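Residues per chain are reported as follows:
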Amino acid sequence: MKNLTLHIINTVPWSNLNRDDTGTPKRAVIGGVLRGMLSSQAIKRAARTDYEIRSLDRSVRSTRLAGIVAERAREINPGREAKTTEAEAKKLISALVKNAGGDDVAGKESGTSSWLSMEEIETAAAAVASGITTVSKGESKGEKEVPIVFVENGVTGSLSIAAFGRMFAAAPHANTVAAIAVSPAISVHKAVIETDYFSTVDDDPKAVHAGASFLGVASYTSGVFYRSVTIDRDQLKRNWTGISADNAREQLALMIESLIYKLPSGKKNATAPYVAPLAVLAEEQSHRLAYDFETPVLPGPDGGYGDQAVKRLAEQRAAALAFDGGNFGMSLVAGTASGLGSLHAASTSVEGLGSQIVDWILA
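What counts and how
- Residues numbered from 1 in each chain as written.
- Predicted model: local features only at pLDDT ≥ 70, side-chain atom pairs only at ≥ 80, totals over all residues.
- Heavy atoms only, no water.
- Helix = DSSP H or I, 4+ residues; strand = E, 2+ residues; numbered from the N terminus.
- Buried < 20%, exposed > 50% of the residue type's maximum accessible area, 1.4 Å probe, protein only.
- Contact = heavy atoms within 4.5 Å.
- Areas by Shrake-Rupley, 256 points an atom, 1.4 Å probe, with all protein chains shown as cover.
- Lys, Arg positive; Asp, Glu negative; His and termini not counted.
- Charge placed at Lys NZ, Arg CZ, Asp CG, Glu CD.
- 1 Å grid on protein atoms, 1.4 Å probe; cavity = no way out; pocket = protein on both sides within 12 Å on 5 of 7 lines; lining within 4 Å.
- Points joined across faces, edges and corners; volume = space filled by probe spheres on them.
- Nonpolar A, V, L, I, M, F, W, Y, C, P; charged D, E, K, R; others polar.
- Salt bridge = Lys/Arg side-chain N within 4 Å of Asp/Glu carboxyl O.
- Axes fitted to C-alpha atoms, helices over the stretch in contact; angles between N-to-C directions.
- Left-handed = near helix turned anticlockwise from the far one by under 90°.
- Phe/Tyr/Trp six-rings, centres within 6.5 Å; stacked < 30°, edge-to-face > 60°.
- Lys NZ or Arg CZ within 6 Å of the ring centre and 35° of its normal.
- pLDDT = per-residue confidence, 0-100.
- Pairing = 2+ DSSP bridges.
- Core = buried A, V, L, I, M, F, W, Y, C linked by side-chain atoms within 4.5 Å.

## Some points on the overall build of the protein chain
Here comes step 1: For the protein chain, the count of helices and strands is 10 helices and 14 strands.
Here comes step 2: Each principal axis of the C-alpha distribution contributes one length, and for the protein chain these read about 80 × 75 × 35 Å.
Here comes step 3: The 363 residues of the protein chain split such that 47% are buried.
Here comes step 4: Contacts spanning at least 24 positions in sequence make up 73% of the contacts within the protein chain whose residues lie at least 6 apart.
Here comes step 5: For the protein chain, the accessible surface area stands at approximately 17600 Å², while carbon and sulfur atoms represent 52% of it.
Here comes step 6: Measuring between centres, the 38 positive side-chain charges of the protein chain sit 4 Å from its 40 negative side-chain charges.

## A word on the side chain of S228
Here comes step 1: Along the chain, the position of S228 falls in strand β11 (residues 211-232).
Here comes step 2: Judged by its relative accessible area of 8%, S228 falls in the buried class.
Here comes step 3: Apart from the residues lying within four places of it in its own chain, the contact partners of S228 are T5, L6, H7, A181, V182, S183 and A290.

## Comments concerning the layout of surface pockets
In this approach the atoms are scanned with a rolling probe the size of a water molecule, which exposes any empty space left behind.
Here comes step 1: Size it by volume and the largest pocket reaches roughly 310 Å³.
Here comes step 2: Taken together, 17 residues form the lining of the largest pocket, with A46, K262, L263, S265 and Y274 sitting closest to its centre.
Here comes step 3: Here the element with the most residues in the lining of the largest pocket is helix α1 (residues 40-55); it accounts for six residues.
Here comes step 4: Classifying every residue of the lining of the largest pocket gives 10 nonpolar, three polar and four charged.

## As for the pattern of salt bridges
Here comes step 1: Tallied over the full model, the rule gives 15 salt bridges.
Here comes step 2: In this structure, the salt-bridge partner of R72 is E75, at a minimum N-O distance of 3.0 Å. On the criterion of helical spacing, the pair formed by R72 and E75 is a turn pair, its members being three residues apart in helix α2 (residues 65-76).
Here comes step 3: With a relative accessible area of 28%, R72 lands in the partly exposed category.
Here comes step 4: The closest approach of N and O atoms between E86 and R74, which form a salt bridge, is 3.5 Å. Taken together, the residues E86 in helix α3 (residues 82-94) and R74 in helix α2 connect sequence positions 12 residues apart.
Here comes step 5: Because the salt bridges share partners, they merge into one network encompassing D50, R54, E257 and K262.

## Concerning the packing of α1 against helix α7 (residues 248-261)
In a packed pair of helices, the relevant descriptors are the angle between the two axes and the axis-to-axis distance.
Here comes step 1: Packing of α1 against α7 brings their axes to within 9 Å, and their N-to-C directions diverge by 145°. Along this stretch, α1 crosses α7, giving a crossing that reads as right-handed. Every residue of α7 that contacts α1 at A47, D50, Y51, R54 and S55 is listed here: Q251, L254, M255, E257, S258 and L259.
Here comes step 2: Tallied by class, the residues present in the contact of α1 with α7 amount to five nonpolar, three polar and three charged.

## Looking at empty space enclosed by the protein
Here comes step 1: Applying the stated criterion across every chain, the model contains one cavity of 30 Å³ or more.
Here comes step 2: Each pocket or cavity is described by its volume, and for the largest cavity that value is around 60 Å³.
Here comes step 3: Elements with a contribution of two residues or more to the lining of the largest cavity: β1 (3-15), β3 (33-38) and β11.
Here comes step 4: With three residues, β3 is the single largest residue contributor to the lining of the largest cavity.
Here comes step 5: The residue inventory of the lining of the largest cavity, partitioned by class, reads six nonpolar, five polar and one charged.

## Some remarks on the packing of aromatic side chains
Here comes step 1: Within the structure shown, the criterion is met by three aromatic pairs.
Here comes step 2: With a centroid separation of 6.0 Å and an interplanar angle of 45°, the aromatic rings of F198 and F214 are classed as tilted. In this pair, F198 sits in strand β10 (residues 194-202) while F214 sits in strand β11, placing the two residues 16 residues apart along the sequence.
Here comes step 3: Relative accessible area serves as the criterion here: at 46%, F214 is assigned to the partly exposed category.
Here comes step 4: In this structure, R61 packs its charged tip against the face of W115, placed 4.1 Å from the ring centre.

## Some details on the confidence of the model for the protein chain
Here comes step 1: Per-residue pLDDT for the protein chain has a mean of 93; in total, 95% of the residues score no lower than 70.
Here comes step 2: Taken together, the stretch residues 102-107 has pLDDT below 50 and engages in 14 contacts with residues farther than four places along the chain or on a different chain.

## Observations regarding the pairing of β1
The side chains of a regular strand alternate, first on one face of the sheet and then on the other.
Here comes step 1: Within β1, 10 of the 13 residues are buried, which leaves the element mostly enclosed by the surrounding structure.
Here comes step 2: Strand direction decides the pairing type here: β1 and strand β12 (residues 279-285), joined by seven bridges, are antiparallel. Its bridge partner lying in β12, T5 is registered against E283.
Here comes step 3: Here β1 pairs with β11 via 11 bridges, running antiparallel. In the strand pairing of β11, L4 is matched with I231.

## Some remarks on the nonpolar core
Here comes step 1: Within the largest apolar cluster, 40 residues are counted, with the highest numbers of intra-cluster contacts made by L6, L236 and I357.
Here comes step 2: Every element with two or more residues in this core is listed here: β1, α1, α5 (159-164), β8 (180-182), β11, α7, β12 and α10 (350-362).
Here comes step 3: Counting residues per element, this core draws most heavily on α7, which supplies seven residues.
Here comes step 4: Residue contacts for L236: discarding those within four places in its chain leaves L159, A162, A163, A179, I231, L252 and I361.
Here comes step 5: Membership of the second largest hydrophobic core comes to 23 residues, among which are L65, A70, V151 and A174.

Laid out in structure tokens, this is it:
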């Protein structure tokens, strides 16, 4: 079985971790009712940045990659003329990214964002610093100078890029197909968007506006959220050159931990919204499947949605096993909820869960 899916149920207290252009918490109508939502993009960025900070396996997503390469090239070879360095850096990035930069590539943003590992940036910068940025390509009507290839076809040393994939508009053959799919986090029940009236108090007793110097309104929500993360083992092994490195196990463990723990960070210091997951169910699958919570969960007898959400997950898992038990292999569960036994999976800690997932990936 090439897929392993994590099903994660999180309580998210009163917060606004991921907002729209009006400052309102993101939301979606599912099953006929309004649900709270944390976007897949925001979740992946939170996991990626956390993983890269802790692992030192860095990458850069930017609209000015040509400028970044040029700046690094000038550090390697300070004697190279600045305009030539910038032009050659732009030529390399333009082979991958349409509209790679303006005339002042080191200072202008192009509006086209792309993603390179630090290893790829270093390779490109070394080529620019040495002046070797093109090679001759034989053609029927002579030879053509083309930019050197510093990004291999779909392969990368960055675990983040290997996991989440990337696209090069000018070089589709170099695209990396994502090996890890992340769903949005959706509240399992009807959500309510609430407003908070707040003010800023001026501490200066001589201030013209005594008392409140600013008045405002902010939006928040809360709930129990479900999300899924699916790892395609074969694709990850194709993408990531580090799979056979000595530190592969450590890097994978850090990535799994980040995927389990990290959520978007909007207003995080104003609401302190992070809580240990209620349930993290890991299922080995032939066909990638998630659970839907299309019918909104209702509060339990004592209030709250957490226990009811775990119960609904167990019901959906039982139905999926009855429908096609052969689709599922190894199953593990960790979490803080009291009803984890109903999921009929081997119980473990988050550390044990991560370790066994890494074993599965490396098998």
